[in-house]
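# What the coordinates show
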Amino acid sequence: MSKLKSAVLFGGVLTALLLAVGCAVNPATGGIDTVLMSEKKEISIGKENHEEILQKMPIYTEPEMNAYVNKVGQKVAANGHRNKLKYTFTIIDSPDINAFALPGGYIYINRGLMTYLNNEAQLAAVLGHEIGHVTARHSVRQHSAGTAASIVSAVLTVGTGSSAIGDLSNVAGSALVSGYGREHELEADSLGAEYLYKSGYDPQAMVEVIGILKDQEQFAKFKAREEGTQVKSYHGLFASHPRNDVRLQEVVGKAGKLAESQKETYAGDFREHLDGIEFGDSDKSGVRRGSRFYHKLMNFTVAFPGAWKLQNSPNALVAYPSTQDAFLQLQVQGDLGNLTPEQFIAERLKIENLQQGEVIDQYELRGYTGIVPATGKRGPVRIAVIYHNDQAYYFSGVNRRPDGVNYDPFFTASIGSFRPLKSEEYKLAAGMRIKYIKATADTNYESLAQQSKSEKYAQEQLRLLNGDYPRGEPEAGQWLKIVE
């Protein structure tokens with residue numbers, strides 16, 4: 001076969017394959033999307049991932065707040081382009097500033113983000129933005145673009161006999177998919193603003209939320225400089241929008257303008273539901289105070305190195321340095337039977353090569369610890385089990401680099417700090433809560449900060465909570481959130 005015929009045949013196969021990928025009209029934008037997934041499959045993937053999230057992430061279970069968020073979300077979703085979908089709204093019990101969506105109508109908002117909103121219209125804006133991601137099928141389009149790139153890569157590799165070209169195609173495909181972020185965020189803002197307008201909320205609430213997030217970004221940068229850490233951000237919005245983004249103003253403006261008499265924010269309803277919500281760590285999940293972690297319900301405390309970060313999930317508590325070249329993980333398991341701590345390590349954790357084994361005897365608790373030797377890919381692993389209240393608390397301290405820093409002294413110090421709470425520590429194990437007060441002519445953030453339970457950055461936090469960051473002061477008669 002001639003080279004020309006080979007090229008023609010290969011081009012025909014590639015064209016046919018790309019046509020087989022499938023095209024569909026986007027339900028929100030009216031444009032043509034290349035998709036590999038039916039709506040039924042999209043919903044199935046969303047449901048599967050939703051069930052996994054319920055297992056792996058802490059869920060905020062307070063019924064009145066959940067009912068309120070669902071009511072607002074359903075109101076906005078009913079005015080969306082895919083209002084036949086069954087939408088599910090879930091509050092994640094996390095202090096982080098975040099919200100996200102899964103395919104098929106699964107929307108999530110973190111408790112932490114809710115505490116910084118100031119009215120129902122802003123809550124509707126966050127949910128509307130995420131609904132916009134769903135109606136425009138952004139996750140499906142990303143999945144389809146990524147899969148198409150993989151298919152093209154495979155065809156190029158087979159057709160040319162060159163894996164190098166295939167690799168190059170993968171890189172191009174990855175760049176294409178990652179490049180969607182900015183446009184997708186702006187499109188979600190545009191759609192969300194449209195849904196707000198149709199639901200009777202002022203579309204400018206979308207711009208207000210961006211302002212809240214930009215204030216959070218500035219504060220996060222300030223904290224990062226102070227603490228030598230990296231900045232965390234809300235999924236792409238910070239990178240997508242300058243504070244006075246002209247394109248954002250344009251897409252929000254297109255949604256329509258409500259008359260002044262129609263611009264109801266439902267601030268009172270929002271305040272009624274938010275009053276008393278946990279701020280920061282939840283006492284149900286455990287609270288960090290300085291270098292110590294306290295868990296009231298499980299009656300224990302443990303200390304970590306002061307500069308280490310802490311990640312708390314229903315399945316594990318993980319502490320790690322800013323370099324992320326090591327971590328110490330704490331997990332819990334019950335139903336111990338007659339196993340000794342040493343037997344627990346061998347039989348439950350399936351660790352048979354434990355070395356330098358030692359009995360733990362601290363604070364009237366018994367346990368066992370030892371080292372799993374290093375491999376070529378990682379350093380030694382410190383394993384420890386401590387029995388407390390008929391449960392096994394087991395630590396795994398991992399040096400991620402075989403020739404890196406010896407973190408074992410940090411691991412053993414933390415393990416040695418594990419103990420039951422003292423009676424006076426139950427107050428420390430209680431989380432902080434949001435309370436509303438009305439400002440007087442004498443109210444200022446400096447005096448409020450002195451009364452706040454926040455250990456650091458109390459003034460900055462109060463200004464962020466009330467939309468006065470970085471230097472604003474309250475006005476007489478203004479409803480203010482404080483932290484108790």
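Residues numbered from 1 in each chain as written. Predicted model: local features only at pLDDT ≥ 70, side-chain atom pairs only at ≥ 80, totals over all residues. Heavy atoms only, no water.

## Observations regarding the pattern of salt bridges
Across all of its chains, the model carries 15 salt bridges by this definition. With a shortest N-O distance of 3.0 Å, Arg 82 and Glu 42 are connected by a salt bridge. Of this pair, Arg 82 sits in the loop between helix H3 (63-77) and strand S3 (88-92) while Glu 42 sits in helix H2 (residues 39-56), and the two are 40 residues apart along the sequence. The exposure class assigned to Arg 82 is buried, which follows from its relative accessible area of 5%. Judged by relative accessible area, Glu 42 falls into the buried class, the value being 1%. Between Arg 382 and Asp 408 there is a salt bridge, with its nearest N and O atoms 2.9 Å apart. You can see Arg 382 sitting in strand S15 (residues 381-388) and its partner Asp 408 sitting in helix H14 (residues 408-416), a full 26 residues away along the chain. Just as Arg 382 is buried, Asp 408 falls in that class too. What you see here is one network of salt bridges that share partners, running through Glu 39, Glu 42, Arg 82 and Arg 137. (Salt bridge = Lys/Arg side-chain N within 4 Å of Asp/Glu carboxyl O. Helix = DSSP H or I, 4+ residues; strand = E, 2+ residues; numbered from the N terminus. Buried < 20%, exposed > 50% of the residue type's maximum accessible area, 1.4 Å probe, protein only.)

## Comments concerning the packing of aromatic side chains
Evaluation of the coordinates by the stated rule reveals 20 aromatic pairs. Taken together, a centroid distance of 6.0 Å and an interplanar angle of 70 degrees make the contact between Trp 308 and Tyr 407 edge-to-face. Of this pair, Trp 308 sits in the loop between strand S9 (300-303) and strand S10 (309-312) while Tyr 407 is found in the loop between strand S16 (391-399) and H14, placing the two residues 99 residues apart along the sequence. Tyr 407 carries the same exposure label as Trp 308, and that label is buried. Members of the aromatic cluster, each reached through a chain of ring pairs, are Phe 293, Phe 300, Tyr 393, Phe 395 and Phe 418. (Phe/Tyr/Trp six-rings, centres within 6.5 Å; stacked < 30°, edge-to-face > 60°.)

## Things to note about the side chain of Glu 425
Of note, Glu 425 is situated in the loop between H14 and strand S17 (432-438). Note on Glu 425: relative accessible area 7%, which makes it buried. In contact with Glu 425, not counting residues within four places along its chain, are Tyr 294, Thr 301, Arg 419 and Pro 420. (Contact = heavy atoms within 4.5 Å.)

## Considerations on the packing of H3 against helix H5 (residues 120-135)
Running from N to C, H3 and H5 cross one another at 60 degrees; their axes reach a closest spacing of 9 Å. Between H3 and H5, the angle falls in the class oblique. For the pair H3 and H5, the sense of crossing is right-handed. Together, Tyr 68, Val 69, Val 72, Gly 73, Val 76 and Ala 77 of H3 and Glu 120, Leu 123, Ala 124, Leu 127, Gly 128 and Ile 131 of H5 make up the contact between the two elements. When grouped by side-chain class, the residues that make up the contact of H3 with H5 number nine nonpolar, two polar and one charged. (Axes fitted to C-alpha atoms, helices over the stretch in contact; angles between N-to-C directions. Parallel < 35°, antiparallel > 145°, perpendicular 65-115°, else oblique. Left-handed = near helix turned anticlockwise from the far one by under 90°. Nonpolar A, V, L, I, M, F, W, Y, C, P; charged D, E, K, R; others polar.)

The analysis is restricted to geometry; functional conclusions fall outside its scope.
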